[in-house]
Amino acid sequence: MIETHATNLAESVRILVHSSDEKHHRRAASAKVAKIQPKRQFPDREIREKRTFWAMLAFGLLLGGLELFIVLHYL
């Protein structure tokens, strides 16, 4: 049924995957794999991730405290 709407569906999917691989700099699974060193994170990114962690932790504690207050208030 799909073939009636898109006769070249397989070719379209292949082209989309190929262009996506090029965009994300991926290699084919059959390509020779050289030693790839893991990318180092930039200091700015590490700082941003730490800030995000602490912000999420504080927000979680705030929500937990609020929930505890509400539960204890109704007892």
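The shown structure was predicted, so the numbers you read here are calculated from the model rather than taken from an experiment.

Calculation notes
- Residues numbered from 1 in each chain as written.
- Predicted model: local features only at pLDDT ≥ 70, side-chain atom pairs only at ≥ 80, totals over all residues.
- Heavy atoms only, no water.
- Helix = DSSP H or I, 4+ residues; strand = E, 2+ residues; numbered from the N terminus.
- Buried < 20%, exposed > 50% of the residue type's maximum accessible area, 1.4 Å probe, protein only.
- Areas by Shrake-Rupley, 256 points an atom, 1.4 Å probe, with all protein chains shown as cover.
- Patch = residues over 30% accessible without salt bridge, like charges linked within 9 Å, V, L, I, M, F, W, Y side chains within 5 Å.
- Salt bridge = Lys/Arg side-chain N within 4 Å of Asp/Glu carboxyl O.
- pLDDT = per-residue confidence, 0-100.
- Phe/Tyr/Trp six-rings, centres within 6.5 Å; stacked < 30°, edge-to-face > 60°.

*Asks:* Explain the overall build of the protein residue by residue, including any values.
*Replies:* Along the protein, the regular secondary structure elements total three helices and zero strands. From first element to last, N terminus to C terminus, the protein shows the α and β order α-α-α. Put simply, the protein has 75 residues, and 0% of those count as buried. By element, 65% of the accessible surface of the protein is carried by carbon and sulfur atoms, the whole surface being about 8100 Å².

*Asks:* Lay out a nonpolar patch on the surface in plain terms, naming residues and giving numbers.
*Replies:* There is a patch of nonpolar side chains on the surface, built from Phe-59, Leu-62, Leu-63, Leu-66, Phe-69, Ile-70 and Tyr-74 and spanning about 800 Å² of accessible area. Turning to its location among the elements, Leu-66 is positioned in helix 3 (residues 43-73).

*Asks:* For the pattern of salt bridges, give the residues involved together with the corresponding values.
*Replies:* Scanning the entire structure with this criterion turns up one salt bridge. Note that Glu-49 and Arg-45 form a salt bridge whose closest N and O atoms lie 3.3 Å from each other. Placement of the pair is Glu-49 and Arg-45 together in helix 3, with a separation of four residues, close to one helical turn.

*Asks:* Please give an account of the confidence of the model for the protein that cites residues and values.
*Replies:* The share of residues in the protein with pLDDT of 70 or more is 52%, and the mean pLDDT across the chain is 77. By mean pLDDT, helix 1 (residues 2-5) is the weakest element of the protein at 58, and helix 3 is the strongest at 94.

*Asks:* Can you break down the packing of aromatic side chains residue by residue, with the values?
*Replies:* With the rule as written, the count across this model stands at one aromatic pair. Centroid distance Phe-53 to Trp-54: 5.0 Å. Interplanar angle 70°. Geometry classified as edge-to-face. By relative accessible area, Phe-53 is classed as partly exposed at 45%.

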